[in-house]
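Summary of structural features
Residue strings, one per chain:
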Amino acid sequence: MKDYGPDFLEHTKSALRNISPVSGDYFAEQFDNMPRWNRADLFKDAGAYGGDKLHQKLTNYIQAQQEFYESSASTYKLNNHNALASWNAMPDSVKDGYGDIYYGLAGLASFQRRDDLPVIREIARWAVKYGLEQMCEAALDAFRTMPDKDNLPVISLIWKKFPLGSGEGDEIFHVDVIHTLCAHKYVQTVPLLAPFVTDGFAGVDAQAALAAIVGRDLGEKPEPWLAWYKTVNNPRHQNQKISEIERQVRPAPALVS
């Protein structure tokens, strides 16, 4: 289809999306025989084509590529802590597998099936173990569109693995982490998101999301938000007023002589 130009290609894709899930079932049947790059292109629209057959085919394919990457990491003694540091030492087949997991995970997320979240979280943990940053970025994208309390520990794990300024690779873009946390309107999000209220790029977004969780705006500093969280999680202080917490962290006014 690409030989006929981008307009024809997009028109064809649109027509195939309109006959979902028949188109998804067709691609599932053709999946194993498709050229690699055509298959990678398919991943981006997998959810739009739909169908249980394509969904299962994609899930199985990601798992197979993970197993291949693990065996290759052992065979070629790749650095499990940072894939980018070992990139030049990777055979092309391993690099291809790396890309297929990334695109495959994005394709799996495109189905927007919340029952896929446990699988996506496990893939993200696996990616952290092997230092696969792009897979973690794909997982963050999935979590942003499908918020869930159980995503929070994995988001935290990703940020700890790829903190801004670590000097190892390109690091996860911290604004992606902030916006993913902002989508998670849960009390448990507060201690993870509060440190970002001072961020120069997305601090305002973090503050707005925290206010939606807490029910009021506690300001541009992390301390009031963290104090609020500490109080609501301490049964002995459940009845303590938020205003009292704010006074504990607010500097005392200067004395007028």
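Just so it is clear, the structure is predicted and the values come from calculations on it, not from any experiment.

What about the overall build of the protein?
In terms of helices and strands, the protein carries 14 helices and zero strands. Along the protein, helices (α) and strands (β) appear in the sequence α-α-α-α-α-α-α-α-α-α-α-α-α-α when read from the amino end. Looking at the protein as a whole, 45% of its 257 residues are labelled buried. A sequence separation of at least 24 residues applies to 63% of the contacts in the protein between residues at least 6 apart.

Digging into the packing of helix H6 (residues 92-110) against helix H7 (residues 117-130)
Orientation of H6 relative to H7, taken along the N-to-C sense of each, is 160 degrees, at an axis distance of 11 Å. Taken as axis vectors, H6 and H7 run roughly antiparallel relative to one another. Regarding H6 and H7, the two cross each other, and that crossing is left-handed. Residues Ile101, Leu105, Leu108 and Ala109 of H6 touch H7, and the partners they reach there are Val119, Ile120, Ile123 and Trp126. In the contact of H6 with H7, the residues fall into eight nonpolar, no polar and no charged.

Describing unusual backbone geometry
Leaving glycine out, the prevailing phi sign among residues is negative, and the prevailing peptide bond configuration is trans. In this structure, Pro21 follows Ser20 across a cis peptide bond, with omega equal to 5 degrees. A positive phi angle is found at Gln112, which is not glycine, with a value near 55 degrees. Summarising the element assignment, Gln112 is placed in the loop between H6 and H7.

Regarding the environment of Leu42
Structurally, the position occupied by Leu42 is in helix H3 (residues 36-44). Spatially, the C-alpha atoms of Leu42 and Gly107 are 8.0 Å apart, while their sequence positions differ by 65 residues.

Quick look at the pattern of salt bridges
As enumerated under the stated definition, the model contains 12 salt bridges in all. Where Arg125 meets Glu122, a salt bridge forms, and the shortest distance between an N and an O atom there is 2.6 Å. Remark: Glu122 and Arg125 occur in helix H7; sequence separation between them is three residues, near one turn of the helix. Using a relative accessible area of 33% as the deciding quantity, one classes Arg125 as partly exposed. Using a relative accessible area of 47% as the deciding quantity, one classes Glu122 as partly exposed. Residues Asp141 and Arg144 are paired through a salt bridge, measuring 2.4 Å at the closest nitrogen-oxygen approach.

What to know about the side chain of Asp199
Examined against the element boundaries, Asp199 turns out to sit in the loop between helix H11 (190-193) and helix H12 (203-214). It turns out Asp199 is buried and unbridged, and the closest side chain with the opposite charge, Arg144, is 13 Å from it. Here the side chain of Asp199 touches Phe201 through a polar contact of 2.9 Å, landing on its backbone nitrogen. Beyond its immediate chain neighbours, meaning those up to four positions away, Asp199 contacts His174 and Ile178.

A few points about the packing of aromatic side chains
For the coordinates displayed, the defined rule picks out 10 aromatic pairs. Residues Tyr69 and Trp126 carry aromatic rings whose centres are separated by 5.9 Å and whose planes lie at 75 degrees to one another, so their mutual orientation is edge-to-face. Pair noted here: Tyr69 is in helix H5 (residues 52-75) and Trp126 is in helix H7, with a separation of 57 residues, a long-range link. Here Tyr69 matches Trp126 in class, with each residue buried. One residue, Arg36, lies across the ring of Trp37, its end atom 4.3 Å from the ring centre. Against the face of Phe31 rests Arg39, its NZ or CZ located 5.2 Å from the ring centre.

A look at the side chain of Asp116
Mapped onto the elements, Asp116 comes out in the loop between H6 and H7. Notably, Asp116 is buried but unbridged: the nearest opposite-charge side chain belongs to Arg113, and the N-O separation is 5.1 Å. The contact partners of Asp116, leaving out residues within four places of it in the chain, are His55 and Leu108.

Description of the packing of H5 against H7
Their axes nearest at 12 Å, the elements H5 and H7 cross at an angle of 15 degrees. On the basis of their axis angle, the class for H5 and H7 is roughly parallel. Taken as a pair, H5 and H7 cross one another with a handedness that is left-handed. Contacts from Ile62, Gln66, Tyr69, Glu70 and Ala73 in H5 reach Ile123, Trp126 and Tyr130 in H7. For the contact of H5 with H7, a count of residues per class yields six nonpolar, one polar and one charged.

So, how was this worked out
Residues numbered from 1 in each chain as written. Predicted model: local features only at pLDDT ≥ 70, side-chain atom pairs only at ≥ 80, totals over all residues. Heavy atoms only, no water. Helix = DSSP H or I, 4+ residues; strand = E, 2+ residues; numbered from the N terminus. Buried < 20%, exposed > 50% of the residue type's maximum accessible area, 1.4 Å probe, protein only. Contact = heavy atoms within 4.5 Å. Axes fitted to C-alpha atoms, helices over the stretch in contact; angles between N-to-C directions. Parallel < 35°, antiparallel > 145°, perpendicular 65-115°, else oblique. Left-handed = near helix turned anticlockwise from the far one by under 90°. Nonpolar A, V, L, I, M, F, W, Y, C, P; charged D, E, K, R; others polar. Salt bridge = Lys/Arg side-chain N within 4 Å of Asp/Glu carboxyl O. Lys, Arg positive; Asp, Glu negative; His and termini not counted. Polar contact = N/O pair within 3.5 Å; in protein donor to acceptor, adjacent residues only side chain to side chain. Phe/Tyr/Trp six-rings, centres within 6.5 Å; stacked < 30°, edge-to-face > 60°. Lys NZ or Arg CZ within 6 Å of the ring centre and 35° of its normal.

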